[in-house]
Amino acid sequence: MLHNIFLFKGKKDLEDLNIYCYPKEIINVNNKLLVNNIIKGHDQGKINDRKESLSSCKNLNHYKIDKPVALYINDYNIYTSCIDEDIIIGLIFEDDDNPYDYKEIFEELLYELLNNGNGYSFEEEMEIDNLLISMFIDLRRYGDEVVERTPEIEFYYQKEAFFKVFLFGIDEVGKTSFVRKLKTGEFNDNYFTPTRKFNIEYIQAEDKGLLAVWDMPGQKIFRSKWLKGLQDSNILVYMIDIANQRRFEESKKELWKILNNNELNGIPLLILGNKSDIVKYSDENYETQLQNLKEEVIDYFDFEKVKNRNWKFIFTSVKTNHNIEKTVQTIFELL
Ligand SMILES: Nc1nc2c(ncn2[C@@H]2O[C@H](COP(=O)(O)OP(=O)(O)OP(=O)(O)O)[C@@H](O)[C@H]2O)c(=O)[nH]1
Ligand SMILES: [Mg+2]
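Before going into details, it helps to say that this report is about the structure given with it. Along each chain, numbering runs from 1 in the same order as the chain's sequence is written. Numbering of ligands from 1 and lettering of chains from A proceed in the order in which they are written. Per-residue local features of the predicted model are confined to residues with pLDDT of at least 70, and side-chain atom pairs are confined, for both listing and counting, to 80 or more; whole-chain, interface and lining totals are unaffected and use all residues.

### Some words on the overall build of the protein
Put simply, the test is: Under the scheme used here, helices are H or I runs from DSSP no shorter than 4 residues and strands are E runs no shorter than 2 residues, and both carry numbers assigned from the N terminus. With C-beta atoms placed from the backbone, a residue is labelled by how many other C-beta atoms lie within 10 Å of its own: buried for 20 or more, exposed for 12 or fewer, partly exposed between the two. By definition, residue pairs are in contact when their C-beta atoms, positioned from the backbone, come within 7 Å.
Scanning the protein for helices and strands turns up nine helices and 11 strands. Overall size of the protein, expressed as C-alpha extent along the three principal axes, is 75 × 45 × 40 Å. A total of 335 residues make up the protein; the buried ones form 28% of that total. Long-range pairs, those at least 24 residues apart, make up 63% of the contacts in the protein with a sequence separation of at least 6.

What follows is the structure, given as structure tokens:
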């Protein structure tokens, strides 16, 4: 499984080298030895290979993209390609992965993104970030769907389903806490680390199948990235902080932006009203109050207007474990 992507910009002048990584900052400019070894390794591999580049540089608008080279440096299983002799893009795989399984998709993606898109300049950090995210998502999905499904286990996979769960919602509603709860059973009240990049966790739901939960960053500046992560989702899970009604309007707007995206017609939607533990109830008629609150929320968010898909709303509390198991069950019911 691919676990990181990096990009070195400015290979011609190492004093001026910039490094970008996704999702983890595992290499930085201070790692001079590693950086040098990767660059040298790539150049050496290229000479040994004596292969032509994928697209030769006849057209000025086209990047020259080298065939990828497999390297093993400092315990990293790396696959690098070079663009216009100056930029190195590297994939870091787990030890027992075979980078050559990814040869075609890696080449295709570079070609598609750089030479078939709307032009690429490598000038802005945001642009480079987006390139790395796009590649990471596509390669990861390819890994999940093609590489990991060797013929012997294909049958097993058909029985043991694999689903992509797209978990989104504005910041601080509890998405990452929920995923961590599913994964480890733990909850930490003092956890205040906003998600910055896509957090992908695999959760085995007993006999029902494997869920790949894509936990999106919810802060405003990251919301434009949701669309990049959405593709091929089997279910949308939208989380709301039920105790913070001041942000309902903002949350409603963000949800509907995604629901109005036609590509997603038919994909079921589960809405989680999280942090139910903070909602204040009077002692009597707890059930009725909960039911009333549910109706208010459904009304406020216009869930009744959700068309072309099945949807459900449930209250959860990651903190007290309220309905966490039920959430997983409901995901499978809706799928
Ligand atoms: N009381 C209570 N607090 C919760 C619950 N779930 C999460 N929290 C707290 O809410 C805060 C935000 O949680 P996160 O899981 O980081 O929120 P997030 O939605 O992933 O936020 P972004 O990554 O920025 O989008 C943390 O302090 C959690 O401890 C809950 O069910 N009840
Ligand atoms: Mg988060």
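Additional details are given in the paragraphs that follow.
### Things to note about the sheet that holds strand S10 (residues 269–274)
This is how the line gets drawn: At least two bridges found by DSSP between two strands is the condition for calling them paired. Lines fitted to C-alpha atoms define the axes, with helix axes restricted to the stretch in contact, and inter-axis angles between N-to-C directions lie between 0 and 180 degrees.
Strand order in the open sheet formed by six strands is S7-S8-S6-S9-S10-S11, and the pairing between neighbours is mixed. Unpaired on one side and paired on the other, strand S7 (199–205) and strand S11 (311–315) mark the two borders of the sheet. Strand-to-strand twist across the sheet, computed as the mean angle between neighbouring axes with direction ignored, equals 25°. Sheet topology note: the S7/strand S8 (residues 209–215) ladder contains seven bridges and is antiparallel. Bridge assignment links Ile200 to a residue of S8, and that residue is Trp214.

### Let's talk about the site of ligand 1
We apply this condition: Proximity of a residue to a molecule or strand is defined by its backbone-placed C-beta atom lying within 6 Å of that partner. The classification used treats Ala, Val, Leu, Ile, Met, Phe, Trp, Tyr, Cys and Pro as nonpolar, Asp, Glu, Lys and Arg as charged, and all other residues, Gly among them, as polar.
In the vicinity of ligand 1, 23 residues are found, and the nearest of them are Gly174, Ser177, Pro194, Thr195 and Gly218. In terms of residue count, helix H5 (residues 175–184) provides more of the shell around ligand 1 than any other element does, three residues in total. Here the residues of the shell around ligand 1 are counted per class, giving seven nonpolar, nine polar and seven charged.

### What to know about the pairing of S10
What counts is decided by this rule: The path from the first strand over the helix to the second decides the hand: if it runs clockwise while the strands point away from the viewer, the crossover is right-handed.
Most of S10 is tucked away, with six of its six residues classed as buried. Residues Leu269, Ile271 and Gly273 point to one face of S10 and Leu270, Leu272 and Asn274 to the other, with burial holding for every one of them. Relative to S10, strand S9 (residues 235–241) runs parallel, the two sharing six bridges. In the strand pairing of S10, Asp241 is matched with Asn274. Viewed along the sheet, the connection from S9 through helix H7 (residues 248–259) into S10 turns out right-handed. Judged from the five bridges that link them, S10 and S11 form a sheet pairing that is parallel. Paired with Ile271 across the strands is Phe313, a residue of S11. Since S10 and S11 lie parallel, the crossover through helix H8 (residues 286–300) that links them has a hand, and here it is right-handed.

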